[in-house]
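# Notes for the structure review
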Amino acid sequence: MSDKNRVPDSVWGANLALIIAFFAAADKHDYVFHESMHGSRIVIAERELLQAQLILYLDQIASLLEMVAVTNPDILLVSGFDTAKERRTHPRNKAEIEAHNATQAERPQDG
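Residues numbered from 1 in each chain as written. Predicted model: local features only at pLDDT ≥ 70, side-chain atom pairs only at ≥ 80, totals over all residues. Heavy atoms only, no water.

Attention now goes to the overall build of the chain. The helix and strand inventory of the chain stands at five helices and zero strands. If you list the helices and strands of the chain from N to C, you get α-α-α-α-α. Counting every position in the chain, which comprises 111 residues, the buried fraction comes to 28%. Of the contacts made within the chain by residues no fewer than 6 positions apart, 62% connect residues no fewer than 24 positions apart. Accessible surface for the chain amounts to roughly 7,800 Å². Of this, 55% is attributable to carbon and sulfur atoms. (Helix = DSSP H or I, 4+ residues; strand = E, 2+ residues; numbered from the N terminus. Buried < 20%, exposed > 50% of the residue type's maximum accessible area, 1.4 Å probe, protein only. Contact = heavy atoms within 4.5 Å. Areas by Shrake-Rupley, 256 points an atom, 1.4 Å probe, with all protein chains shown as cover.)

This is the structure:
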């Protein structure tokens, strides 16, 4: 997902907030990852939460790209995802569930 420009803007359409949130979380993770090298348990816990959140975003992005690939198979070639592997081979751990809950809490409620 490092080259968002290879996927047409029409793919993101109503999901533009998803890709923006993903890149924001990825940037924050990069910073926290480097800070966690100093051994702070708080920063390490934050890093693990961000990693789980990134996985959730990538699952959503992969699902979106799979839908688009029905009519445009070339999307899968430029997406950066490995199409030969299953996306989830393990159950979600506590950090992933917390990240999912945090992601849901950040979204504005409709209605």
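Let's shift gears to the packing of helix H2 (residues 16-36) against helix H3 (residues 41-69). Axes are the key here: two packed helices are described by the angle between their axes and the distance separating the axes. Between H2 and H3, the shortest axis-to-axis distance is 9 Å and the interhelical angle comes to 155 degrees. Relative to H3, H2 is oriented roughly antiparallel. In the packing of H2 onto H3, the handedness of the crossing is left-handed. Contact with H2, carried on its side by Leu18, Ile19, Ala21, Phe22, Ala25, Ala26, Lys28, His29, Val32, Phe33, Glu35 and Ser36, involves Val43, Ile44, Glu46, Arg47, Leu50, Gln51, Gln53, Leu54, Tyr57, Leu58, Gln60 and Ile61 of H3 and no other residues of that element. (Axes fitted to C-alpha atoms, helices over the stretch in contact; angles between N-to-C directions. Parallel < 35°, antiparallel > 145°, perpendicular 65-115°, else oblique. Left-handed = near helix turned anticlockwise from the far one by under 90°.)

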